[in-house]
Amino acid sequence: MNSYPYPDFSEHGYQVLRELGRNREGGRITWLASKVDTGEQVVVKQFCFAQAGSSWSGFKAYEKEIQFLQELNHRGIPHYLSSFDRPDGFCLVQEYINAPSLAETRSFAPEEIKQIAVKALGILVYLQNRIPPIIHRDIKPENILVDEQLNVYIIDFGFARIGSQEVAASSVFRGTPGFIPPEQMFKPTDATDLYALGATLICLLTGIKSTKIDQLQDREDPYLIKFQHLLPQLSLRFLGWLTKIVQPLHKNRFSNAQSALEALKPLDVIRLPEVDFSETVLEFKANKLGEKLTQSITIENPISDTLLQGRWEVAPHPHDPPHTPDNHAWISLTPTQFNVNYTRCQVEVDTSKLMADKQYKRQLILHSNAYPATHTLTVKVQTAALPIEKRKIRSDDLIRLFLMTVVVAVFTIGFITYAASAVASLLLQTYGYGGILYIGISLLMYSSWVGYEQLKITGSVIKAVVVAVVVVVSFAVVIAVGWTVAFAAIKAVGIAVGMAVGGTVGIVSIAIAGSMAVGMPINRAINRAIDLAEDSFTTVLILLTLGFGASFGTGIMAGFLNPLVLLSLTGTSLPALSMLLYSPLKRRKLIAKYCQSEESLIKP
């Protein structure tokens, strides 16, 4: 016999051990009992009817609940064992789960709460997939048991709705305030239990007891739960999922437990860093064969109170040799790993292992602790064309370069022989040092202006420099010729007549120089020089040729053994010869080397 105040169930084979809980309004008391014959612990739910003396007729009203409990077979739902009637009601016997409910004060990590949510949703998925589906309608912390291994159990199906039918107890109460969505009183749906589960999770995350959940309810809309401000450490995506699951209107929630479960599984609960690339595509262009190219990219995490951790990997490609995350055939990254919120990574491409004149495209994968876990960066590489050569010098251009050397040498000889000292003396006598400086500055400014105008028209710095040099040389040569004639006239016919002739010739020579600067002769010379000097290679070659001609002419007059002459001849001839001879040889060598290794090169 059981001592007072426990009821006596011994005639049915059970002995009450203690009370587990009661619902006074619903007339339901839950007892922990044991089987008299085996000692196995069970749960006995005692339902007390409103009218005394009602017996089996009251028990008949619960036949549907007993029937669906007998059919349920899920590890998260306590198994139905038996039932029996009492003079004041009836009793339902179920499997005893030795686990506390979520209503008890316990501490769970955010990730553990996610595991609880996943397992609880799994139970709801099972119930909703039944035919007809089952809606629990009283999900709350008190009705969810969780053991130390985080196994989850849902209990107390007294208010459940089976399809369109309700069990008898549901006519008394239809849930717990604070966990009831608006539609539950009229037409519950598959989304109804989601609201109650969401409210339960909010209690766990915020540490608020289920009886105090009204503290989070909006005053104007009690079905609206405001909790986000209490959970700043959680990820925004998880908070968004939780916000959606407790939306007052069921159409704004997930449609059922399955969709809510699929949306929850990939989410991280803790607030995660993000990845911001300075650019998502890196484009490389090689100008010569085998060139190594480098670009940098910045990676930043804008989320405060988080730390970004990343590791680079080159995505596999069918044409690339097998590689490890830290070692790729022709792409390297520095650093390969990082643990900071701002870093600059260097991406280096080695085109010596790639085919010429091809475009390559590869993907770099950044594995990180951000969401999503992987980010991709595209690398595009345009390799240099083959053959690799400077501007080709035609045979007729070589003849012109030779003639240019001869002309400059002859002018140099003539200038030194006839005009150098005389021109200098006359200019000094006529204009003085200030005048000579003024003429030089004026000529420099004019040539600079002409070069600037050419730069605006063509946009080429090389062409602008060539035009400026040609203008200076043209003015200098024409003016030198005029002064040379004037000096010869002075020696031949006397100072008075010579000065007149020289002045006339000087004025005419300056006029000719000016007209040539804007006329067709010098324009043709400029255009021809520009055509020849389309790149820095030929520009340097032309300048070396002019320098060699001037040095050669000076050598004829001053002697080739003069140290300055030897130095100028060496400094102009050797670079010019190396540019004419070494470049083609080097190009042929590169082509031969490429052809030998072409079969082993990596394809695009």
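See the structure shown above.
Presented here is a report on the structure given in the accompanying data block.

How each quantity is defined
- Residues numbered from 1 in each chain as written.
- Predicted model: local features only at pLDDT ≥ 70, side-chain atom pairs only at ≥ 80, totals over all residues.
- Heavy atoms only, no water.
- Helix = DSSP H or I, 4+ residues; strand = E, 2+ residues; numbered from the N terminus.
- Buried < 20%, exposed > 50% of the residue type's maximum accessible area, 1.4 Å probe, protein only.
- Contact = heavy atoms within 4.5 Å.
- Areas by Shrake-Rupley, 256 points an atom, 1.4 Å probe, with all protein chains shown as cover.
- Patch = residues over 30% accessible without salt bridge, like charges linked within 9 Å, V, L, I, M, F, W, Y side chains within 5 Å.
- Salt bridge = Lys/Arg side-chain N within 4 Å of Asp/Glu carboxyl O.
- Pairing = 2+ DSSP bridges.
- Polar contact = N/O pair within 3.5 Å; in protein donor to acceptor, adjacent residues only side chain to side chain.
- Axes fitted to C-alpha atoms, helices over the stretch in contact; angles between N-to-C directions.
- Parallel < 35°, antiparallel > 145°, perpendicular 65-115°, else oblique.
- Nonpolar A, V, L, I, M, F, W, Y, C, P; charged D, E, K, R; others polar.
- Core = buried A, V, L, I, M, F, W, Y, C linked by side-chain atoms within 4.5 Å.
- Phe/Tyr/Trp six-rings, centres within 6.5 Å; stacked < 30°, edge-to-face > 60°.
- Expected span 1.5 Å × (residues − 1).
- Arc of directions from axis to C-beta.
- Left-handed = near helix turned anticlockwise from the far one by under 90°.

Summing up its helical and strand segments, the protein chain has twelve helices and 19 strands in all. Every one of the 604 residues in the protein chain was classed for burial, and the buried ones make up 43%. Once local pairs closer than 6 in sequence are excluded, the contacts in the protein chain between residues at least 24 apart make up 66%. If you sum the accessible surface of the protein chain, you get close to 32100 Å²; carbon and sulfur atoms cover 59% of it.

Let us now look at a nonpolar patch on the surface. A surface patch of nonpolar side chains, about 250 Å² in accessible area, is lined by Phe552, Ile556 and Phe560. For Phe552, the position within the fold is in helix H11 (residues 536–558).

The four strands are arranged S11-S13-S17-S15 in an open sheet whose pairing can be described as antiparallel. Here the strands that pair on one side only, and so sit at the sheet edges, are strand S11 (276–277) and strand S15 (331–334).

On to unusual backbone geometry, then. Put simply, Ile131 and Pro132 share a cis peptide bond, and its omega is -5°. Mapped onto the elements of the fold, Pro132 is located in the loop between helix H3 (110–128) and strand S6 (134–135). Here the residue pair Thr334 and Pro335 is connected by a cis peptide bond, since its omega of -5° sits within 30 degrees of zero. With respect to the helices, strands and loops of the structure, Pro335 is situated in the loop between S15 and strand S16 (337–338). Residue Leu150 is not a glycine yet carries a positive backbone phi of 65°.

As for its position among the elements, Asp218 is in the loop between helix H4 (192–206) and helix H5 (236–245). Given the relative accessible area of 17%, Asp218 is considered buried. Side-chain polar atoms of Asp218 contact the backbone nitrogen of Glu220, separated by 3.0 Å. Setting aside residues no more than four positions away along its own chain, Asp218 makes contact with Leu224 and Lys226.

All right, on to the pattern of salt bridges then. By the definition in use, this model includes six salt bridges. Close ionic contact of Lys45 with Asp156 constitutes a salt bridge, the shortest N to O distance being 3.8 Å. Remark: Asp156 occurs in the loop between strand S8 (152–154) and strand S9 (161–162) and Lys45 occurs in strand S3 (residues 41–48); sequence separation between them is 111 residues. The buried category is assigned to Asp156, whose relative accessible area is 13%. With a shortest N-O distance of 2.8 Å, Asp218 and Lys226 are connected by a salt bridge. On the accessibility criterion, Lys226 (41% relative accessible area) is partly exposed.

Moving on to the packing of H5 against helix H6 (residues 257–264). In the contact formed by H5 and H6, the axes pass within 10 Å of each other and the chain directions differ by 170°. Relative to H6, the element H5 lies roughly antiparallel. In this structure, H5 contributes Phe238, Trp241 and Ile245 to the contact, and H6 contributes Ala260, Ala263 and Leu264. The class makeup of the residues in the contact of H5 with H6 is six nonpolar, no polar and no charged.

Time to look at the nonpolar core. Ranked by size, the top nonpolar core spans 63 residues in total, and within it Leu121, Leu124, Leu127, Leu194, Phe227, Trp241 and Leu242 carry the most contacts. The contacts of Leu127, once residues within four sequence positions are left out, are Leu72, Ile77, Pro133, Ile134 and Phe157. Counting 30 residues, the second-largest nonpolar core is a separate cluster that includes Val275, Trp330, Ile331 and Cys345.

Relative to the assigned elements, Ser551 resides in helix H11. What makes Ser551 buried here is its relative accessible area of 9%. A C-alpha to C-alpha distance of 8.3 Å links Ser551 and Thr572, two positions 21 residues apart in sequence.

Before going further, it helps to spend a moment on the pairing of strand S2 (residues 28–35). Counting buried residues along S2, seven of its eight residues qualify, which places the element largely inside the surrounding structure. Strand direction decides the pairing type here: strand S1 (residues 14–23) and S2, joined by eight bridges, are antiparallel. If you follow Tyr14 over to S2, its bridge partner there is Lys35. Turn length for the S2-S3 hairpin, with the two strands adjacent in sequence and antiparallel, is five residues, and the turn residue Gly39 shows positive phi of about 80°.

Aromatic ring pairs are defined here through the distance separating the ring centres and the angle between the ring planes. Applying the stated criterion across every chain, the model contains eight aromatic pairs. Ring geometry for Tyr6 and Trp31: centres 5.7 Å apart, planes at 70°, overall edge-to-face. Linking Tyr6 in the segment before S1 with Trp31 in strand S2, this pair joins segments that are 25 residues apart in sequence. Judged by relative accessible area, Trp31 falls into the buried class, the value being 3%. Between Phe277 and Trp312, the aromatic rings sit 6.1 Å apart at their centres with planes inclined by 15°, giving stacked as the arrangement. Of this pair, Phe277 sits in strand S11 while Trp312 sits in strand S14 (residues 310–314); the two residues are 35 residues apart in sequence, bridging distant segments of the chain.

In this model H3 runs 27 Å from its N-terminal to its C-terminal C-alpha over 19 residues, within 8% of the 27 Å that 1.5 Å per residue would give. Along H3, the residues that are buried comprise Ile113, Lys114, Ile116, Ala117, Ala120, Leu121, Ile123, Leu124, Val125, Tyr126, Leu127 and Gln128.

Every buried residue of H6 is listed here: Ala257, Ala260, Leu261 and Leu264. The buried residues of H6 occupy an angular sector of 100° when projected down its axis, which confines them to one face. Where H6 begins, the side chain of Asn256 points an oxygen toward the backbone nitrogen of Gln258, at a separation of 3.2 Å.

The subject of this paragraph is the sheet that holds strand S18 (residues 359–368). Ordered by their spatial adjacency, five strands build an open sheet running S12-S19-S18-S14-S16, and the pairing between neighbours is mixed. The sheet is open, and its two edges are formed by strand S12 (281–285) and S16, each paired on a single side. Here S14 pairs with S16 via two bridges, running antiparallel. The residue bridging Gly310 from the neighbouring strand is Phe338, located in S16.

Turning our eyes to something else, we now look at the environment of Thr334. Positionally, Thr334 belongs in strand S15. Considered as a pair, Thr334 and Ser296 are 38 residues apart in the sequence and their alpha carbons are 9.3 Å apart. Setting aside its immediate chain neighbours within four residues, Thr334 contacts Arg344, Cys345 and Gln346.

Our next topic: the packing of H3 against H6. Helix-helix packing: each pair is described by the crossing angle between the helix axes and the interaxial distance. H6 packs onto H3 with a crossing angle of 155° between their chain directions and a minimal axis gap of 8 Å. The angle between the axes of H3 and H6 places the two elements in the roughly antiparallel class. At the point where H3 passes H6, the crossing takes the left-handed sense. Residue-level inspection shows Lys114, Ala117, Val118, Leu121, Leu124, Val125 and Gln128 of H3 in contact with H6, the latter providing Ala257, Gln258, Ala260, Leu261 and Leu264.

Nothing here speaks to function; it is geometry throughout.
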